[in-house]
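Spelled out, the chains give:
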Amino acid sequence: MTIYVLSVVLAALFLLIVLELVRRQKLKEQYSLLWILFSVTLLIVSFNVHFIEWISDRLGVKYAPAILFLFGLLFCFAIILHLTIVITRLSSQVLRLTQELTILKEREAPRGQNN
Amino acid sequence: MKSTKAPRVLVIIPAYNEENSIAAVIHDIHRHVPSADIVVINDGSRDLTEQYAVRAGARVLTLPYNVGIGGGMQTGYIYAKRMDYDIAIQMDADGQHPAEELPKLISKAVSYDLVIGSRYLETTSFRSSVMRRIGMVFFSGLVSLVTGQRFTDTTSGFRAAGRKVIELYADYYPIDYPEVESIVYLKRKGCQIAEVSTEMRLRQAGKSSITPLKSAYYMIKVTLAVLMSAIRYDRTAVSKP
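Bear in mind the structure is a predicted one, so any value in this text is a computation, not a measurement.

Notes on the overall build of chain B
Now for step 1: A tally of regular secondary structure across chain B gives 8 helices and 7 strands.
Now for step 2: Residue burial in chain B is summarised as follows: out of 241 residues, 44% are buried.
Now for step 3: Look at the contacts in chain B between residues 6 or more apart in sequence, and 77% of them connect residues 24 or more apart.

Digging into the overall build of chain A
Now for step 1: A tally of helices and strands in chain A yields 4 helices and 0 strands.
Now for step 2: For chain A, the sequential pattern of α-helices and β-strands runs α-α-α-α.
Now for step 3: By its C-alpha atoms, chain A is 80 × 35 × 15 Å across when sized along the principal axes.
Now for step 4: By the burial criterion, 10% of the 115 residues in chain A qualify as buried.
Now for step 5: Across chain A, the fraction of contacts at a sequence separation of at least 24, relative to all contacts at a separation of at least 6, is 54%.

Brief notes about the sheet that holds strand E5 (residues 114-118) of chain B
Sheet strands pair via backbone hydrogen bonds, and the direction of the pair is either parallel or antiparallel.
Residue and element names in this part refer to chain B.
Now for step 1: Pairing is mixed across the open sheet formed by 7 strands, whose spatial order is E3-E2-E1-E4-E6-E5-E7. Each having just a single partner strand, strand E3 (59-63) and strand E7 (193-197) make up the two edges of the open sheet. Looking at each pair of strands side by side, their axes are set apart by 20° on average, direction ignored.
Now for step 2: Across 4 bridges, strand E1 (residues 9-15) lies against strand E4 (residues 87-90) in parallel orientation. Considered in E4, the bridge of Ile12 is made with Gln90.

A short note on the packing of helix H2 (residues 29-47) of chain A against helix H4 (residues 66-108) of chain A
Residue and element names in this part refer to chain A.
Now for step 1: H4 packs onto H2 with a crossing angle of 175° between their chain directions and a minimal axis gap of 11 Å. Considering their axes alone, H2 and H4 lie roughly antiparallel with respect to each other. From H2, Leu34, Phe38, Leu42, Val45 and Ser46 reach across to H4, where they touch Leu68, Phe71, Gly72, Phe75, Ala78, Ile79 and His82.
Now for step 2: The residue inventory of the contact of H2 with H4, partitioned by class, reads 9 nonpolar, 3 polar and no charged.

A closer look at the nonpolar core
Now for step 1: The biggest cluster of nonpolar side chains holds 67 residues, and the ones touching the most others in it are B:Val11, B:Ile12, B:Ile13, B:Ile22, B:Val40, B:Ala88 and B:Ile89.
Now for step 2: Apart from the residues within four sequence positions on either side, B:Ala88 is in contact with B:Leu10, B:Ile12, B:Gly76, B:Tyr77, B:Ala80, B:Ala161 and B:Ile166.
Now for step 3: Core analysis: the second largest hydrophobic core is formed by 5 residues, A:Ala11, A:Leu42, A:Val45 and A:Ile52 among them.

A short note on unusual backbone geometry
Now for step 1: Backbone geometry at A:Gln25 places phi at a positive 60°, although glycine is not the residue there.
Now for step 2: Topologically, A:Gln25 is positioned in the loop between helix H1 (3-23) and H2.
Now for step 3: C-beta crowding within 10 Å serves as the criterion here: with 8 such atoms nearby, A:Gln25 is assigned to the exposed category.
Now for step 4: Positioned with a positive phi, B:Asp84 is a non-glycine residue whose angle comes to about 60°.

Here's the deal with the packing of helix H7 (residues 179-188) of chain B against helix H8 (residues 212-230) of chain B
Residue and element names in this part refer to chain B.
Now for step 1: Two elements in contact, H7 and H8, have axes separated by 9 Å at closest approach and are oriented at 5°. The angle between H7 and H8 falls in the class roughly parallel. When H7 is examined against H8, the residues Val180, Glu181, Val184, Tyr185 and Arg188 are found in contact with a partner set consisting of Val222, Ala225, Val226, Ser229 and Ala230.
Now for step 2: Among the residues forming the contact of H7 with H8, the class breakdown is 7 nonpolar, 1 polar and 2 charged.

Some words on the UniProt feature "transmembrane region" (unreviewed entry) in chain A
Now for step 1: Residues annotated in UniProt with the feature "transmembrane region" (unreviewed entry) correspond here to residues 6-22, 34-52 and 64-87 of chain A.
Now for step 2: Its end C-alpha atoms 36 Å apart, residues 64-87 of chain A is made of 92% helix and 0% strand.

What to know about H8(B)
Now for step 1: Over its 19 residues, H8(B) extends 27 Å from the first C-alpha to the last, a length consistent with the 27 Å expected when each residue adds 1.5 Å.
Now for step 2: In this structure, the buried residues of H8(B) make contact with helix H5 (130-147) and H7 of chain B.

As for the environment of B:Val222
Residues and elements named next belong to chain B.
Now for step 1: With respect to the secondary-structure elements, Val222 resides in helix H8.
Now for step 2: Residues Val222 and Tyr177 lie 45 residues apart in sequence; the distance between their C-alpha atoms is 7.0 Å.
Now for step 3: Discounting chain neighbours no more than four positions away, the residues touching Val222 are Phe139, Tyr177, Val180 and Glu181.

Concerning the pairing of E5(B)
Residues and elements named next belong to chain B.
Now for step 1: In terms of burial, E5 is largely enclosed, as 5 of its 5 residues are buried.
Now for step 2: Of the two faces of E5, the one holding Leu114, Ile116 and Ser118 and the one holding Val115 and Gly117 are both buried throughout.
Now for step 3: One ladder, built from 3 bridges, connects E5 with strand E6 (residues 159-161); its direction is antiparallel. Across the sheet, Leu114 pairs through a bridge with Ala161, a residue of E6.
Now for step 4: Bridge analysis of E5 against E7 gives 5 bridges, and the strand direction is parallel. Residue pairing in the sheet places Gly117 in a bridge with Val196 of E7.

The rules we used
Residues numbered from 1 in each chain as written. Chains lettered and ligands numbered in written order. Predicted model: local features only at pLDDT ≥ 70, side-chain atom pairs only at ≥ 80, totals over all residues. Helix = DSSP H or I, 4+ residues; strand = E, 2+ residues; numbered from the N terminus. Buried ≥ 20, exposed ≤ 12 C-beta atoms within 10 Å, placed from the backbone. Contact = placed C-beta atoms within 7 Å. Pairing = 2+ DSSP bridges. Axes fitted to C-alpha atoms, helices over the stretch in contact; angles between N-to-C directions. Parallel < 35°, antiparallel > 145°, perpendicular 65-115°, else oblique. Nonpolar A, V, L, I, M, F, W, Y, C, P; charged D, E, K, R; others polar. Core = buried A, V, L, I, M, F, W, Y, C linked by C-beta atoms within 7 Å. UniProt positions renumbered as here; feature names shortened; annotations may be inferred. Expected span 1.5 Å × (residues − 1).

Have a look at this one:
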């Protein structure tokens, strides 16, 4: 089995897993899009051995499948970056909720010593 | 403020495990500015800060977990905005900001958007370590460069904010090490900022949380934040409540 066949199998399997997670609502559509894009790209690229060899030739890469790794790695970076953006948004939202809750709590509480 | 009524003043005191000094700080404010309301932002303290503050006669907002100084301070500003205060003053819970300087800040806050109590504007009795001094000079230089206004004490947490700043800070306030960046943010929004010379004491209780590693993070984070706010046109991206 060549690296290309392995790559096709893994990409297809991965795509199926992602779709299944979305079907079961374990993964939101908005977050699955990047993963679907990733597996489809990997699938197409793995099918086109000539394309890979052409690129590695142009880039002067001796071992053509290394291009696959490069694609995979870049995609991982993109997804991690996306995740940290999501975390940033989530943490601002959690902070705002905490602040609102704290203020509401004080207003609800019976004023003892205050005023 | 054209109204003849005296401005409604709220003193915001963020506190995290400050049971040893909080009551004294509150009494100090009551003595010097009896008309001011006091709100203690109890940032998830695990000691008796809340009880001591309530007993001393302050309102207390208790956050369910520790959100850090920026998030706590912003809670105070959101509260000030909702309760329609004209002036919000931020003050440390450890006793380093003397309440007798409050009238100075308040009277100037009527004609400026933000007034900063500075340790270095004139020679005061305040002394600090060499490293600290270097950091202060660096940030003063950076902020002066970016804003075009000279500031002597950019890390001072002794400040009085008018209505405009209360609203701006309720919208956006830096999460950690907020002092320096929050000045640049206001200047970008066209606020008028003034410094007044104030005395400051050494902390009455508690100890500084600064370690060498934290100082390095502090310098880098704040420098990045200042440069970023300088090239940011409008910071309204943060979702409004």
